[in-house]
Amino acid sequence: MTILIQNGHVIDPLTGRDEVCDVLVRDGKIQKIGTGLPEEAEQVLDASGCYVMPGLIDLHVHFRDPGLEYKETLETGARAAARGGVTTVCAMPNTRPVIDTAEKVADVHARAKKDALVHVIQIGAVTRGQEGKELADIAGMAREGCHAISEDGKSVMNASLYRKGMREAKANGLAVFAHCEDITMVEGGVMNADENAARLGLKGITNSVEDVIVARDILLAKETGVRLHLCHCSTADSVEMIRLAKEEGLPVTGEVCPHHFTLSADDIRENDGNYKMNPPLRSKADVEALKKGLKEGIMDVISTDHAPHSEEEKNQPMEKAPFGIVGLETSAALTYTELVKPGILSIMDMAEKMSLNPAKILGLSDRGSISEGKRADLVVFDPNREYRIDKTTFLSKGKNTPFDGRKVTGDIKYTLVDGKIVYENQALTGGN
Ligand SMILES: NC(=O)N[C@@H](CC(=O)O)C(=O)O
Ligand SMILES: [Zn+2]
Ligand SMILES: [Zn+2]
């Protein structure tokens, strides 16, 4: 099977290629890049006016499979990923049961191969059942290709146990993806602790809930030498601590989610469960610090924390609704609209933070770049289309987003996984 992607503006963060040219894909690999490649392919895709980027790699999604399939499945989550230009996802282990053994990792990987349009990497839990009492089968899960362990949804509150888990992760070549939240300090909070929470009569979550665990985890990474990736950072002090850690040469990376750089707590006008996520939307000053951190390269990765829940669960007041919003089908557009269009990031930076850097963190050198011989995981992104986000069109089972009706610029035209088209935007391709 050969596909020629013609006349796109190719953006490759590995080689720095930044020019209009053609990309020839053969048998799942990128075979050739150049201008005026002969039209001998079985299929020709017109990418004129579009960027051609390495397929996006999302280090942080919740596919709820096994056990919570009413919220999402491997199949529906992967469809949402394909629609969002995402070709590899890391699925967090807070499913039912929790993914904490080699067999459970193998089961998800086997089912994903069958049912998912995109590559799914299952992340293993740090502790058995995410109960924080004893370590999960970290070595076994590493053998099955989990690439990282994470207790996402909560922190391992026992620092001694976490340190053991980090040592085990390092010994098995795994990274640790850290959800930073001191659960003893949450005290029933459901949104950022500020005047908005006071106005709505809701309990607040202070920045320190995140910051004290970020500090602790960086110190533990320093001691153990494990590669530490800090998930969904939301505070100015998280950025500052990552800056200091990097200055010290520690193997620490930081992640920001589109909702945390697009919205602030001031956007929460009423008690609406679709604005409830963990960590919460923060102050305008925090939002500015996250953007500055992304611009200055302190923050390495943009991931979604795609967290689908049912309509009934989320159409409740904040006190009752579960934490989390979906993100896979809005992340490229929000990143382009909020960061690239205003000049905070270049399109090259966007490709780096949404593809190359995640690939590096996972230790995957076969993706994250458009260069000859790499896996043909690609996205054709149209930066000109303006539209309003419409949650009724989401392929995800989750419609829980605060972005419904928001105006954005930029849409996915094609997504290719292993050289096959897995998504084609009918509005942009004319349904050929
Ligand atoms: N982010 C969220 O608000 N929720 C996530 C858990 C998590 O990422 O911590 C979920 O699993 O729903
Ligand atoms: Zn989390
Ligand atoms: Zn998460």
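Since we're looking at a predicted model, the values are computed, not measured.

Novice: Where do I start with the domain arrangement of the protein chain in this structure?
Specialist: Interface size is commonly expressed as the accessible surface area that is lost when the partners come together. Examined at the domain level, the protein chain breaks down into domain 1 (2-52 + 375-391 + 406-429) and domain 2 (54-362). Each of domain 1 and domain 2 has a C-alpha centre, and the two are 28 Å apart. Across the contact, 21 residues belong to domain 1 and 25 residues belong to domain 2. Listed by contribution, the elements that provide at least two residues to the side of domain 1 that touches domain 2 are β16 (378-388), β17 (407-417) and β18 (420-424). When residues in the side of domain 1 that touches domain 2 are grouped by element, the largest group, 7 residues, is from β17. For the side of domain 1 that touches domain 2, the residue count by class is 14 nonpolar, 3 polar and 4 charged.

Novice: What am I meant to see in the site of ligand 1 here?
Specialist: Lining the immediate surroundings of ligand 1 are His 62, Asn 94, Asp 152, Gly 153, His 179, Met 277, Asn 278, Asp 305, Ala 307, Phe 323 and Gly 324. Tallied by class, residues from the shell around ligand 1 come to 3 nonpolar, 6 polar and 2 charged.

Novice: Teacher, can you tell me more about the UniProt feature "domain: Dihydroorotase catalytic" (unreviewed entry) in the protein chain here?
Specialist: Mapped onto the present numbering, the UniProt feature "domain: Dihydroorotase catalytic" (unreviewed entry) falls on residues 52-237. What you have in residues 52-237 is 37% helix and 18% strand, and the ends, taken at the C-alpha atoms, are 35 Å apart.

Novice: Any chance you could explain the UniProt feature "active site" (unreviewed entry) in the protein chain here in plain terms?
Specialist: Those places that UniProt annotates as "active site" (unreviewed entry) correspond, in this numbering, to Asp 305. Positionally, Asp 305 belongs in the loop between β15 (301-302) and α10 (311-314). If we ignore the near neighbours within four places in the chain, the residues touching Asp 305 are His 60, His 232, Cys 257 and Gly 327.

Novice: Looking at this structure, how should I read the nonpolar core?
Specialist: A general tendency of soluble globular proteins is for nonpolar side chains to be buried together. Val 52, Val 118, Val 120, Ile 149, Val 176 and Val 380 are the most contacted members of the largest nonpolar core, which totals 125 residues. Per-element accounting of this core gives the leading share, 8 residues, to helix α12 (residues 347-362). A domain split of this core shows at least three residues from each of domain 1 (2-52 + 375-391 + 406-429) and domain 2 (54-362). Excluding anything up to four places from it in sequence, Val 52 contacts Ile 5, Gly 8, His 9, Val 10, Ile 11, Val 23, Ala 47, Ile 370, Leu 378 and Val 380. In this structure, Ala 193, Ile 205, Ile 268 and Leu 281 belong to the second largest nonpolar core, which totals 14 residues.

Novice: Is there a simple way to explain the confidence of the model for the protein chain in this structure?
Specialist: The predicted coordinates should not be examined in detail at positions where pLDDT is low. Confidence in the prediction for the protein chain averages 98 pLDDT; 100% of positions are at 70 or higher. Here the prediction assigns the complex a pTM of 0.99, and the interface score ipTM is 0.99.

Novice: Explain the sheet that holds strand β13 (residues 228-230) here, please?
Specialist: By definition, the strands of a sheet pair up through backbone hydrogen bonds, in either a parallel or an antiparallel sense. Read across the sheet, 5 strands follow the order β9-β10-β13-β14-β15 without closing on themselves; strand pairing throughout is parallel. At either end of the open sheet lies a strand with only one pairing partner, and these are β9 (148-150) and β15. Where strand β10 (residues 175-178) lies against β13, 3 bridges are found, and the strand directions are parallel. Bridge assignment links Phe 177 to a residue of β13, and that residue is His 229.

Novice: Is there a simple way to explain helix α1 (residues 74-83) in this structure?
Specialist: Each α-helix winds once per 3.6 residues, and so residues spaced three or four apart point in a common direction. When you tally the buried positions in α1, you get 9 out of 10 residues, the bulk of the element. Considered for burial, the residues of α1 that qualify are Leu 74, Thr 76, Gly 77, Ala 78, Arg 79, Ala 80, Ala 81, Ala 82 and Arg 83. Tucked inside the fold, the buried residues of α1 contact β6 (56-61), β7 (86-91), α2 (102-115), β8 (119-122), β17 and β18.

Novice: Is there a simple way to think about the sheet that holds β8 in this case?
Specialist: With respect to topology, 3 strands assemble into an open sheet ordered β6-β7-β8, the strand pairing being parallel. Among the strands making up the open sheet, the edge pair consists of β6 and β8. For this sheet the average axis-to-axis angle between neighbouring strands, irrespective of direction, equals 20 degrees. Relative to β8, β7 is paired through 4 bridges, and the arrangement is parallel. What sits directly across from Ala 91, in β8, is Gln 122. Sheet contacts for α2: β7 and β8; angle to β8, the most-contacted strand, approximately 175 degrees. Those strands touched by α12 are β6 and β8, and its axis lies near 60 degrees from that of β6.

Novice: Could you clarify how one ought to interpret the environment of Ser 396 in this entry?
Specialist: Take Ser 396: it is sitting in the loop between β16 and β17. For Ser 396, a count of 26 C-beta atoms within 10 Å gives the class buried. Sequence spacing of Ser 396 and Gly 77 is 319 residues, and the spatial spacing of their C-alpha atoms is 5.6 Å. Not counting residues within four places of it along the chain, the set of residues in contact with Ser 396 comprises Glu 72, Thr 76, Gly 77, Ala 80, Pro 308, Val 326, Leu 328 and Glu 329.

Novice: Just checking my understanding: could you explain the environment of Ala 332 for this structure?
Specialist: Position of Ala 332 among the secondary structure elements: in helix α11 (residues 331-340). The class of Ala 332 is buried, set by 28 C-beta atoms lying within 10 Å. In the structure, Ala 332 is positioned 215 residues away from Leu 117 in sequence and 18 Å away in space, judged by C-alpha atoms. Setting aside residues up to four positions removed in sequence, Ala 332 forms contacts with Leu 56, Gly 84, Gly 85, Phe 381, Gly 410 and Ile 412.

Novice: Can you help me understand the environment of Ile 242 in this one?
Specialist: With respect to the secondary-structure elements, Ile 242 resides in helix α7 (residues 236-247). Setting aside residues no more than four positions away along its own chain, Ile 242 makes contact with Leu 230, Val 252, Gly 254 and Ile 298.

Novice: Mind showing me how you'd approach the packing of helix α4 (residues 159-171) against helix α6 (residues 207-224) here?
Specialist: To describe two helices that pack against each other, one gives the angle between their axes and the distance between the axes. Relative orientation of the contacting elements α4 and α6 amounts to 45 degrees, with a least axis distance of 10 Å. Between α4 and α6, the interaxial angle falls into the category oblique. Handedness of the α4/α6 crossing: right-handed. Contacts between α4 and α6 involve Ala 159, Tyr 162, Arg 163, Met 166, Arg 167 and Lys 170 from the first element and Arg 216, Leu 220, Ala 221, Glu 223 and Thr 224 from the second. Class assignment for the residues of the contact of α4 with α6 results in 5 nonpolar, 1 polar and 5 charged.

Rules behind the numbers
Per chain, residue numbering runs from 1 following the sequence as it is written. Chains and ligands are labelled sequentially in the order written, the chains with letters from A and the ligands with numbers from 1. For a predicted model such as this one, the threshold for reporting local features is a pLDDT of at least 70, and the threshold for listing and counting side-chain atom pairs is 80 or more; totals across whole chains, interfaces and linings nevertheless cover every residue. By convention here, the domain bounds are inherited from an automatic or database domain assignment. Contact definition: two residues whose C-beta atoms, as placed from backbone geometry, lie within 7 Å. Secondary structure elements are defined from DSSP: runs of H or I of at least 4 residues count as helices, runs of E of at least 2 residues count as strands, and each element is numbered from the N terminus. Each residue gets one label: Ala, Val, Leu, Ile, Met, Phe, Trp, Tyr, Cys and Pro are nonpolar, Asp, Glu, Lys and Arg are charged, and the others, such as Gly, are polar. Only the C-beta atom, placed from the backbone, is used; a residue is near a molecule or strand if that atom lies within 6 Å of it. UniProt positions are given in the numbering used here, feature names are shortened, and annotations may be inferred rather than shown by experiment. Nonpolar core, as used here: buried Ala, Val, Leu, Ile, Met, Phe, Trp, Tyr and Cys residues forming one set through C-beta atoms within 7 Å. Exposure criterion: with C-beta atoms placed from backbone coordinates, a residue whose C-beta has 20 or more other C-beta atoms within 10 Å is buried, one with 12 or fewer is exposed, and one in between is partly exposed. On a range of 0 to 100, pLDDT expresses the predictor's confidence in each residue. The pairing criterion is simple: DSSP has to find at least two bridges between the two strands. The axes used here are C-alpha line fits, helices contributing only the stretch in contact, and every angle between their N-to-C directions lies in the interval 0 to 180 degrees. Orientation categories follow fixed angle ranges, with anything under 35 degrees roughly parallel, anything over 145 roughly antiparallel, 65 to 115 roughly perpendicular, and all other angles oblique. Note on convention: near helix rotated counterclockwise from far helix by under a right angle means a left-handed crossing. Clockwise means right-handed.

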